[in-house]
Amino acid sequence: MKVYIKNMVCNRCIMVVKNELEKIGFSPKSVKLGEVEFEGELSNNEKRVIDNHLLTFGFELIDDKKSRMIEKIKNVIIDLVHQQDNEIKTNLSDLLKNSLNHDYNYLSNLFSEVEGITIEKYLIAQKIEKVKELLVYDELSLSEIAYQLKYSSVAYLSNQFKKVTGLTPSHFKQIKEDKRKPLDKI
């Protein structure tokens, strides 16, 4: 049986969910971003126990199909921006369509309806958060960051960054507090 979990956005989340499930006596067959598979069926009581326990860590079980699909869309985008080396040679609509086996228009409309923003704006928010991360680390130049995140130019990255944050990348680098948001708060 598969259960779907909201707010799993990184490999650390996978580790936390797996460890916490084992602590409360469950043995997951597999744990991936947004989903956990168990050998057998879970009772409603067992689901409640899991949900209540994971809530303390900011995770929550998802029951309806729309929410599961939204979480899958978010996980594909987060993986694209934050986890991979960005060697994908296809556009976002094709990536989502192929990853989730649904028409992009359906995915886009569903996402906008439920989240109140477009998939593209969500992607931009994730990319800007990645830019913030890379600026804070101070290991890459702005042009290297633009190249890594597939921006057409440094100017385009800077304009988009300023639109989203209200700050230029160089000003952002200078300020020292509350620079970044957790991925599940975007």
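Above this text you will find the structure in question.
All values derive from a computational prediction rather than experimental measurement.

Reading guide: rules and limits
Residues numbered from 1 in each chain as written. Predicted model: local features only at pLDDT ≥ 70, side-chain atom pairs only at ≥ 80, totals over all residues. Heavy atoms only, no water. Helix = DSSP H or I, 4+ residues; strand = E, 2+ residues; numbered from the N terminus. Buried < 20%, exposed > 50% of the residue type's maximum accessible area, 1.4 Å probe, protein only. Contact = heavy atoms within 4.5 Å. Areas by Shrake-Rupley, 256 points an atom, 1.4 Å probe, with all protein chains shown as cover. Lys, Arg positive; Asp, Glu negative; His and termini not counted. Charge placed at Lys NZ, Arg CZ, Asp CG, Glu CD. Axes fitted to C-alpha atoms, helices over the stretch in contact; angles between N-to-C directions. Parallel < 35°, antiparallel > 145°, perpendicular 65-115°, else oblique. Nonpolar A, V, L, I, M, F, W, Y, C, P; charged D, E, K, R; others polar. Phe/Tyr/Trp six-rings, centres within 6.5 Å; stacked < 30°, edge-to-face > 60°. Lys NZ or Arg CZ within 6 Å of the ring centre and 35° of its normal. Pairing = 2+ DSSP bridges. Expected span 1.5 Å × (residues − 1). Salt bridge = Lys/Arg side-chain N within 4 Å of Asp/Glu carboxyl O.

1. As for the overall build of the protein
- Regarding its fold elements, the protein presents nine helices and four strands.
- Beginning at the N terminus, the succession of helices and strands in the protein can be written as β-α-β-β-α-β-α-α-α-α-α-α-α.
- Its C-alpha atoms put the protein at 55 × 40 × 30 Å along the principal axes.
- Buried positions account for 40% of the 186 residues belonging to the protein.
- Look at the contacts in the protein between residues 6 or more apart in sequence, and 60% of them connect residues 24 or more apart.
- Split by element, the accessible area of the protein, about 10800 Å² in all, is 47% carbon and sulfur.
- Taking the average location of the 29 positive side-chain charges in the protein and that of its 28 negative ones, the two points are 4 Å from each other.

2. Description of the packing of helix α3 (residues 65-83) against helix α5 (residues 104-115)
- At their nearest, the axes of α3 and α5 sit 10 Å apart, and the two run at 105 degrees to each other. When the axis of α3 is compared with that of α5, the two are roughly perpendicular. Across from Lys66, Met69, Ile70, Ile73 and Lys74 in α3, the residues of α5 making contact are Leu107, Leu110, Phe111, Glu113, Val114 and Glu115.
- Considered class by class, the residues forming the contact of α3 with α5 number seven nonpolar, no polar and four charged.

3. Focus on the packing of aromatic side chains
- Tallied over the entire structure, the rule returns four aromatic pairs.
- Judged by centre distance (6.1 Å) and plane angle (65 degrees), the rings of phenylalanine 26 and phenylalanine 38 are edge-to-face. With phenylalanine 26 in the loop between α1 (11-23) and β2 (30-32) and phenylalanine 38 in the loop between β3 (35-37) and α2 (44-55), the pair connects residues that are 12 residues apart, well separated along the chain. The pair formed by phenylalanine 26 and phenylalanine 38 is uniform in burial state, with each residue classed as buried.
- One Lys or Arg, lysine 127, reaches over the ring of tyrosine 151 and ends 4.3 Å from the middle of that ring.
- Over the face of the ring belonging to tyrosine 147 we find lysine 150, whose NZ or CZ atom lies 5.9 Å from the ring centre.

4. Some points on the pairing of strand β1 (residues 2-6)
- With three bridges joining them, β1 and β3 adopt antiparallel strand pairing. The residue bridging valine 3 from the neighbouring strand is valine 36, located in β3.

5. Thoughts on the sheet that holds β2
- Reading across the sheet, the four strands line up as β2-β3-β1-β4 and stay open at both edges, with antiparallel pairing between neighbours. Strand pairing shows two members of the sheet lacking a second neighbour, β2 and β4 (60-62), which therefore form its edges. Neighbouring strand axes in the sheet, compared pairwise and without regard to direction, differ in orientation by 30 degrees on average.
- Here β1 pairs with β4 via three bridges, running antiparallel. Paired with lysine 6 across the strands is glutamate 60, a residue of β4.
- Against the sheet, α1 touches β1, β2 and β3, its axis set at about 145 degrees to β2.
- Relative to the sheet, α2 contacts β1 and β4, its axis offset from that of β4 by approximately 135 degrees.

6. Considerations on helix α6 (residues 119-137)
- Helix length check: α6, at 19 residues, gives a terminal C-alpha distance of 27 Å against a target of 27 Å (1.5 Å per residue), a fit within 8%.
- In terms of burial, α6 is largely enclosed, as 14 of its 19 residues are buried.
- Just downstream of α6 lies aspartate 138, where phi reads positive at about 60 degrees.

7. Some remarks on the pattern of salt bridges
- Summed over all chains, the structure comprises 11 salt bridges.
- The closest approach of N and O atoms between lysine 29 and glutamate 37, which form a salt bridge, is 3.7 Å.

8. Digging into the side chain of lysine 130
- Secondary-structure assignment places lysine 130 in helix α6.
- When residues no more than four places from it in sequence are discounted, the contact partners of lysine 130 are Val81, His82, Gln148 and Leu149.

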